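# Secondary and tertiary structure notes
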Amino acid sequence: QVQLVESGGGLVQPGGSLRLSCAASGNIISIDAMGWYRQTPGKERELVARITSGSTTDYADSVKGRFTISRDTAKNTVYLQMSSLKPEDTAVYSCNARLIDRRDYRLTNYWGQGTQVTVSS
């Protein structure tokens, strides 16, 4: 099995910073992409940022210039550095990994349990 363990969420004031981490472990052959999604009550989940094995990155327009996604390939870990946080960034942030595991040998999406980020005065 593959597990994604997230950390780094919490309460921060507007303008502050947080760094989210997501470590993938288990029977992983290769990771095609990892990223972060977020969701608030009554709103559909949206892509925040994603990075591929080729280091191509994608960001939601609302976070460009404020968030930076990076990865440590050796550790199967992805990071989301969030700065200049706004109340609108408040959401549950979930890590996603698109990878090939040893059981299925095909691309499969895995999700973390989610971590709460609250931006408030």
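Heads up: these notes are all about the structure in this document. (Residues numbered from 1 in each chain as written. Predicted model: local features only at pLDDT ≥ 70, side-chain atom pairs only at ≥ 80, totals over all residues. Heavy atoms only, no water.)

Spatial strand order, E1-E3-E8-E7: 4 strands in an open sheet with antiparallel pairing. Of all strands in the sheet, those bounded by a partner on one side alone are strand E1 (2-7) and strand E7 (67-72). The sheet shows a mean angle of 15° between the axes of neighbouring strands, taken without regard to direction. As judged from the 6 bridges shared by strand E3 (residues 18-26) and strand E8 (residues 77-82), these two strands associate in the antiparallel manner. Across the sheet, the residue bridging to Ala23 is Thr77, located in E8. (Pairing = 2+ DSSP bridges. Helix = DSSP H or I, 4+ residues; strand = E, 2+ residues; numbered from the N terminus. Axes fitted to C-alpha atoms, helices over the stretch in contact; angles between N-to-C directions.)

The next point concerns the nonpolar core. Trp36, Leu80, Met82 and Tyr93 are the most contacted members of the largest nonpolar core, which totals 30 residues. For this core, the elements supplying multiple residues, two or more each, are E1, E3, strand E4 (28-39), strand E5 (46-52), E7, E8, strand E9 (91-101) and strand E11 (115-119). With 5 residues, the top contributor of residues to this core is E9. (Core = buried A, V, L, I, M, F, W, Y, C linked by side-chain atoms within 4.5 Å. Buried < 20%, exposed > 50% of the residue type's maximum accessible area, 1.4 Å probe, protein only.)

Okay, the pairing of E9 next. In regular strands, side chains alternate between the two faces of the sheet. With 8 of 11 residues buried, E9 is to be regarded as a mostly interior element. The sheet contact formed by E4 and E9 spans 10 bridges and is antiparallel. Paired with Ile28 across the two strands is Asp101, which belongs to E9. Judged from the 5 bridges that link them, E9 and strand E10 (residues 107-111) form a sheet pairing that is antiparallel. By the bridge assignment for E10, Arg98 is matched with Asn109. Hairpin connection, E9 to E10: the antiparallel pair is bridged by 5 residues, and Tyr105 has positive phi, about 55°.

Residue position: Thr52 is located in strand E5. Thr52 sits in the buried class, given a relative accessible area of 19%. In this structure Thr52 touches Asp32, Ala33 and Arg71, once residues within four positions along its chain are discounted. (Contact = heavy atoms within 4.5 Å.)

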